[in-house]
Amino acid sequence: MIVFENVSVAKGGRPVLHDINLTLGDRRIGIIGRNGSGKSTLARLFNGLEKPTRGHVRLGSAPVAPDQGAGPDPKAGDSAADALRHLRRHVGFVFQNPDNQIVYPIVREDLEFGLKNLKLPPDERRRRIKATMQRLGIAELADRFTHELSGGEKQLVALAGVLVMQPAMIVLDEPTTLLDLWNRRRLLTVLEALEQQVVLVTHDLDLLDGFDRVLLIDEGRVIADGPPHEVTDRYRSLAA
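Residues numbered from 1 in each chain as written. Predicted model: local features only at pLDDT ≥ 70, side-chain atom pairs only at ≥ 80, totals over all residues. Heavy atoms only, no water.

Which entries qualify depends on this criterion: UniProt positions are given in the numbering used here, feature names are shortened, and annotations may be inferred rather than shown by experiment.
For the protein chain, an unreviewed UniProt entry supplies the name Energy-coupling factor ABC transporter ATP-binding protein and the organism Pseudohoeflea coraliihabitans. Its UniProt record, at the heading Sequence similarities (unreviewed entry), says of the protein chain: "Belongs to the ABC transporter superfamily."

Quick look at the structure:
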């Protein structure tokens with residue numbers, strides 16, 4: 001479960017998010033809102049890609065301190081850094097553009113990168129990579145050059161790079177934007193089968209059918225929070 005406590009974010013003196021208070025334990029959560037509403041900033045708070053200007057984000061009992069410095073106590077700084085590592089270890093993030101996430105030229109090498117940082121033995125790294133790629137139906141891509149992959153293949157490799165780390169939660173920021181219809185369906189089939197908690201930021205409201213909960217963000221605030229049909233109807237009414 002992830003908790004937002006009085007979270008606000010400002011950038012360059014401009015407020016982006018205002019006093020967000022959420023407790024998110026649902027298995028499938030959608031986040032919607034128009035461009036510039038603050039939804040991507042909210043999504044990046046989940047794993048510390050953004051940090052609060054004020055308030056805290058907690059995964060379990062570990063808070064991420066506001067981005068205001070730790071103060072004079074060096075132990076406070078150590079505690080905040082440990083909390084941030086904890087958050088990033090257990091919350092994976094899939095970017096809208098997989099090219100922002102894929103680092104190495106060979107698929108297998110890219111998937112192994114994060115596992116090496118965990119100091120896992122080679123046998124365990126190979127086992128996780130093989131199992132994850134088979135699960136996503138992309139085992140044949142293991143030795144391919146990443147720059148030769150299609151957009152859909154790249155998005156699945158980016159997701160595999162998150163899944164091999166075995167996070168408890170996966171946050172995806174508009175992952176279908178660059179995909180054709182076939183690869184969109186393929187990605188959604190994979191997401192539906194995941195046992196992890198999933199948070200999906202999207203403009204495609206049809207993707208949220210069957211979700212447990214949807215948040216509507218507008219001008220940096222949560223203005224609706226509930227079942228998909230209620231919240232998406234509210235969103236459509238704003239655009240009418």
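Still to come is the rest of the account.
1. Quick look at the overall build of the protein chain
To keep things clear, this is the line we draw: The helix and strand labels rest on DSSP assignments: H or I over at least four residues marks a helix, E over at least two residues marks a strand, and numbering proceeds from the N terminus. Each radius of gyration reported is based on C-alpha atoms, and the globular scaling rule is 2.2 Å times the count of residues to the power 0.38. Each residue is placed in one exposure class: buried if its accessible area under a 1.4 Å probe, protein chains only, is under 20% of its type's maximum, exposed if it is over 50%, and partly exposed if it falls in between. Any pair of residues with heavy atoms lying within 4.5 Å of one another is described as a contacting pair. Note on areas: Shrake-Rupley with a 1.4 Å probe; residue coverage comes only from the protein chains shown. Under this rule, positive means Lys or Arg and negative means Asp or Glu; His and the chain ends count for nothing. Charged side chains are reduced to one point each, which is NZ for Lys, CZ for Arg, CG for Asp and CD for Glu.
A tally of regular secondary structure across the protein chain gives seven helices and 10 strands. What you see for the protein chain is a C-alpha radius of gyration of 18 Å, in line with the 18 Å of a compact globule of 240 residues. The C-alpha extent of the protein chain, read off along each of the three principal axes, is 50 × 45 × 30 Å. Residue burial in the protein chain is summarised as follows: out of 240 residues, 49% are buried. Partitioning the contacts of the protein chain with sequence separation of at least 6, the portion at a separation of at least 24 is 66%. When the accessible surface of the protein chain is summed, it comes to about 11800 Å², and 49% of that surface belongs to carbon and sulfur atoms. The positive charge centre, built from 32 side chains, and the negative charge centre, built from 32, are 3 Å apart in the protein chain.

2. Quick word on the confidence of the model for the protein chain
For clarity, the cut-off: Scored from 0 to 100, pLDDT reflects the predictor's confidence in each residue.
Residues of the protein chain with pLDDT of at least 70 account for 92%, and the chain-wide mean is 89. This model gives residues 67-72 a pLDDT under 50, and the stretch forms six contacts once residues within four places in sequence are excluded.

3. Considering the layout of surface pockets
Left-over empty space is what a probe sized like a water molecule reveals as it rolls over the atoms. Going by this rule: Buriedness of a pocket was judged along seven lines, with at least five required to meet protein on both sides within 12 Å; pockets are open sets of points on a 1 Å grid over the protein atoms alone, cavities are sets where a 1.4 Å probe fits but cannot get out, and lining residues have an atom within 4 Å of a point. Grid points are joined across faces, edges and corners, and a volume is the space filled by probe spheres set on the points.
Empty space within the largest pocket amounts to approximately 630 Å³. Taken together, 24 residues make up the lining of the largest pocket; nearest its centre are Q101, G114, G161, V162 and M165. Contributing elements (two or more residues each) for the lining of the largest pocket: α2 (74-90), β6 (91-94), α3 (107-117) and α5 (151-163). By residue number, the principal contributor to the lining of the largest pocket is α3, which donates five residues. Volume-wise, the second largest pocket comes out at about 190 Å³.

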